[in-house]
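What follows is the residue order along each chain.
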Amino acid sequence: MKIIEVKNLTKVYKEHTAVDGISFDVEEGEMFAFLGENGAGKSTTINMLTTILKKTDGQAFICGHELGKEDDEIRKVNGIVFQNSVLDKKLSVKDNLLTRGSYYGLSKRQVLARLEPFSERFEMKDIWDRKYEKLSGGQRRRVDIMRALINNPKILFLDEPTTGLDPKSRKLVWNYINYLRKEHKMTIFLTTHYMEETRDADHVVILDKGKIITTGTPAELKTRYAHPRLVWYTPKGEDAENLIQHISSKYVYDADHYNIETDSNLTEFIFEHKDEIKDYEYVKGTMDDVFLNLTGKELAS
């Protein structure tokens, strides 16, 4: 079932078009990823879909409610984790969450009841009484996600949720996101410029300069726009490079191996030369390759 339907959505600031007539659907329970560099229109799209920004043109339906006409109903089914936190740094985690709950007309007991199913998984006990400003980046992001769950949303919007986090914190945040997706069947709408974060998405949209340039599953996009590589661990030499020339002229030697890009049948080639090619890896194209081949640009890491 379609939980989000977007048709020709547009946002114009004076003479600048931030989002340029984009259309897409999101299925209930899936993880939907918006991929693009900073300034591509990802955050603007999320801000329109969550009623923070008014659209210039187009239509959108969130859980059947029409954007611009039923915004109060849309806000009831959305949760959003912003790039920058909206919580009070001087308040404790507990006070922040209770305060946010009061904005929805919820009592202390109701807020605690709603968050209870997530509290143990999110390891809230140890930080419950600590001031928000004293938390690490990963702990803050964890609390930001808890804040977004107070109103029992059907859709969780995550606007670059791991930007600025260290690798360990990023992994922990993704553990929480996957838990919500798998255990609570929550629809996840993700914007990111980290390629690897789209790996487990059900559907990916790539944006460039406010326009959708392609859509598909990660596997479909890699098949369409990226080339597989053979990583051959062998000493550099003329014999090896003469052999490589049978399948590709695109290769480089790096430290202790050749990186070979080709459209040829690698399985057949490796089998035919199994006596020479003994230590190797077959690497399917990556989302980095997809984005670079489509836009000619690399995403910042």
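So, on to the environment of Ile150. Relative to the elements of secondary structure, Ile150 occurs in the loop between α5 (137-148) and β7 (155-159). Spatially, the C-alpha atom of Ile150 lies 9.9 Å from that of Ser102, the residues being 48 residues apart in sequence.

Assignment of secondary structure puts Ser248 in the loop between α8 (238-244) and β12 (250-254). Relative accessible area serves as the criterion here: at 8%, Ser248 is assigned to the buried category. A polar contact is formed between the side chain of Ser248 and the backbone nitrogen of Lys250, at a distance of 2.8 Å. One polar contact links the side chain of Ser248 to the main-chain carbonyl oxygen of Glu261, over a distance of 2.5 Å.

Taken as a whole, the largest pocket encloses approximately 350 Å³ of empty space. Arg75, Asn78, Ile80, Tyr104 and Arg147 are, among the 15 residues lining the largest pocket, the residues nearest its centre. Looking at the lining of the largest pocket, the elements with two or more residues in it are α2 (71-77), β6 (78-81), α3 (93-103) and α5. Per-class residue counts for the lining of the largest pocket are six nonpolar, four polar and five charged. Each pocket or cavity is described by its volume, and for the second largest pocket that value is around 230 Å³. Taken together, Met31, Pro167, Arg170, Lys171, Trp174, Asn175, Asn178, Glu196, Glu197, Arg199 and Asp200 make up the lining of the second largest pocket. Of all the elements, helix α6 (residues 167-183) adds the most residues to the lining of the second largest pocket, at six residues.

Time to look at a negative patch on the surface. Residues Asp254, Asp256, Asp279 and Glu281 make up a contiguous surface patch of negative charge. Assignment of secondary structure puts Asp256 in the loop between β12 and β13 (257-261).

Within the largest apolar cluster, 45 residues are counted, with the highest numbers of intra-cluster contacts made by Leu97, Phe122, Met124, Val143, Ile145 and Leu156. Among the elements that make up this core, the one with the highest residue count is α6 (six residues). In terms of nonpolar packing, the next biggest core, distinct from the first, is built from 25 residues, Ile4, Val19, Phe32 and Leu49 among them.

Strand order across the open sheet formed by four strands is β2-β1-β4-β5, with antiparallel pairing between neighbours. Both edges of this open sheet fall to β2 (16-27) and β5 (65-66), since each of them pairs with a single strand only. Bridging between strand β1 (residues 2-13) and strand β4 (residues 57-62) involves five bridges; their strand directions are antiparallel. Counterpart to Ile4 in the pairing with β4 is Ile62. Docked against the sheet, helix α1 (residues 42-49) engages β1, β2 and β4, running at close to 115° with respect to β1.

Time to look at the packing of aromatic side chains. Applying the stated criterion to the full structure yields eleven aromatic pairs. Each ring, one from Phe32 and one from Phe189, has its centre 5.2 Å from the other, and the planes form 40°; the classification is tilted. Separated by 157 residues along the polypeptide, Phe32 in strand β3 (residues 31-35) and Phe189 in strand β8 (residues 187-192) bring together distant segments of the chain. Residues Phe32 and Phe189 agree in their burial class; the two are buried. Centre to centre, the rings of Tyr253 and Tyr258 are 4.6 Å apart; their planes meet at 70°, and the pair counts as edge-to-face. Owing to a relative accessible area of 27%, Tyr253 belongs among the partly exposed residues under this scheme. Judged by relative accessible area, which is 0%, Tyr258 ranks as buried.

Our next topic: the pattern of salt bridges. Under the criterion given, the structure shown has 13 salt bridges. A salt bridge links Arg199 to Asp200, with the nearest nitrogen and oxygen atoms 3.8 Å apart. The exposure class assigned to Arg199 is exposed, which follows from its relative accessible area of 59%. The class of Asp200 is partly exposed, set by a relative accessible area of 41%. Across the salt bridge formed by Asp289 and Arg229, the nearest N and O atoms sit 3.7 Å from each other. Pair noted here: Asp289 is in helix α10 (residues 287-295) and Arg229 is in strand β11 (residues 229-233), with a separation of 60 residues, a long-range link. Owing to a relative accessible area of 23%, Arg229 belongs among the partly exposed residues under this scheme.

About the cut-offs
- Residues numbered from 1 in each chain as written.
- Predicted model: local features only at pLDDT ≥ 70, side-chain atom pairs only at ≥ 80, totals over all residues.
- Heavy atoms only, no water.
- Helix = DSSP H or I, 4+ residues; strand = E, 2+ residues; numbered from the N terminus.
- Buried < 20%, exposed > 50% of the residue type's maximum accessible area, 1.4 Å probe, protein only.
- Polar contact = N/O pair within 3.5 Å; in protein donor to acceptor, adjacent residues only side chain to side chain.
- 1 Å grid on protein atoms, 1.4 Å probe; cavity = no way out; pocket = protein on both sides within 12 Å on 5 of 7 lines; lining within 4 Å.
- Points joined across faces, edges and corners; volume = space filled by probe spheres on them.
- Nonpolar A, V, L, I, M, F, W, Y, C, P; charged D, E, K, R; others polar.
- Patch = residues over 30% accessible without salt bridge, like charges linked within 9 Å, V, L, I, M, F, W, Y side chains within 5 Å.
- Areas by Shrake-Rupley, 256 points an atom, 1.4 Å probe, with all protein chains shown as cover.
- Salt bridge = Lys/Arg side-chain N within 4 Å of Asp/Glu carboxyl O.
- Lys, Arg positive; Asp, Glu negative; His and termini not counted.
- Charge placed at Lys NZ, Arg CZ, Asp CG, Glu CD.
- Core = buried A, V, L, I, M, F, W, Y, C linked by side-chain atoms within 4.5 Å.
- Pairing = 2+ DSSP bridges.
- Contact = heavy atoms within 4.5 Å.
- Axes fitted to C-alpha atoms, helices over the stretch in contact; angles between N-to-C directions.
- Phe/Tyr/Trp six-rings, centres within 6.5 Å; stacked < 30°, edge-to-face > 60°.

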